[in-house]
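One letter stands for each residue in the lines below.
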Amino acid sequence: MTGSSMTTRWLAYLWVLAVLVAPAEAAERAGDAGAAPIVLDGKLDEPAWLRAPEQSGFVSPSARVQPDAPPPVQTRFRVLASDDAVYLGIRCYEPRMDALYAHPTPGHDSMEVFYRDVVEVFLDPAGRGSEYYQFAVSAGNDRFERYWIERGNTGGGPYDPRWESAVHRDDAGWTIEA
């Protein structure tokens, strides 16, 4: 990666713990009567996204200068839920879009996704940190997922969830719908 903001913010961490396993009332409802359905195109332009509360204020645990300091460019997310799905809408602000590293990886679930601009989401349904699910989406819409046990020291075995994502890039940065 190149560019000052990407060097400082090489990885945006979203720790989404209990919010996705809480009752659907905790997240904005997607697909209520009369509402436009969510179309996974990466644009976050359906009315439900505008109604969903926005989460921000993340820190980078790997910041080179000052650990746990807010990155110079923020990443924000929103959560939607329907009867059969949970949706994440993520906005990554990027002042140097010309330096965004979004080249495709050689294949799905490749570790090379982490050499690109990427967002990781960790889900810990039990809230104990002993086992969790890891999802990653790059700016080129490459995906990676793993299930971890023993505080992330051991893979929990085969894991092939059914999930989709889409990425959209614009002048202000890039967005993910998953």
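Just so it is clear, the structure is predicted and the values come from calculations on it, not from any experiment.

Caption draft 1: Focus on unusual backbone geometry. If you check the backbone angles, leucine 44 has positive phi at about 55° while not being a glycine. For leucine 44, a relative accessible area of 19% translates into the label buried. Positive phi, close to 70°, is recorded for asparagine 141, a residue that is not glycine. Looking at the secondary structure, you find asparagine 141 in the loop between β6 (132–138) and β7 (143–149). Residue classification places asparagine 141 among the partly exposed positions, given a relative accessible area of 28%.

Caption draft 2: Main features of the layout of surface pockets. Taken as a whole, the largest pocket holds about 690 Å³ of empty space. Along the walls of the largest pocket sit 23 residues, with Val86, Arg162, Trp163, Glu164 and Ala178 positioned nearest its centre. Those elements giving two or more residues to the lining of the largest pocket turn out to be β4 (86–93), β5 (118–123) and β6. Across the lining of the largest pocket, the residue classes break down as 20 nonpolar, no polar and three charged. Taken as a whole, the second largest pocket spans an internal volume of roughly 170 Å³.

Caption draft 3: Quick peek at the pattern of salt bridges. Under the counting rule described, the total for this entry stands at four salt bridges. A cluster of three or more residues bridged by salt bridges with shared partners is formed by Glu54, Arg76 and Arg78.

Caption draft 4: Representation of the pairing of strand β10 (residues 173–177) in the model. Here β10 lies mainly inside the structure; five of its five residues are buried. Where β4 lies against β10, five bridges are found, and the strand directions are antiparallel. Note on β10: the bridge partner recorded for arginine 91 is threonine 175. Of the pairings in the sheet, the one linking strand β9 (residues 166–170) to β10 comprises five bridges and is antiparallel in character. For arginine 169, the partnering residue across the bridge sits in β10 and is tryptophan 174. Between β9 and β10, which follow one another and run antiparallel, lie two residues.

Conventions and cut-offs
Residues numbered from 1 in each chain as written. Predicted model: local features only at pLDDT ≥ 70, side-chain atom pairs only at ≥ 80, totals over all residues. Heavy atoms only, no water. Buried < 20%, exposed > 50% of the residue type's maximum accessible area, 1.4 Å probe, protein only. Helix = DSSP H or I, 4+ residues; strand = E, 2+ residues; numbered from the N terminus. 1 Å grid on protein atoms, 1.4 Å probe; cavity = no way out; pocket = protein on both sides within 12 Å on 5 of 7 lines; lining within 4 Å. Points joined across faces, edges and corners; volume = space filled by probe spheres on them. Nonpolar A, V, L, I, M, F, W, Y, C, P; charged D, E, K, R; others polar. Salt bridge = Lys/Arg side-chain N within 4 Å of Asp/Glu carboxyl O. Pairing = 2+ DSSP bridges.

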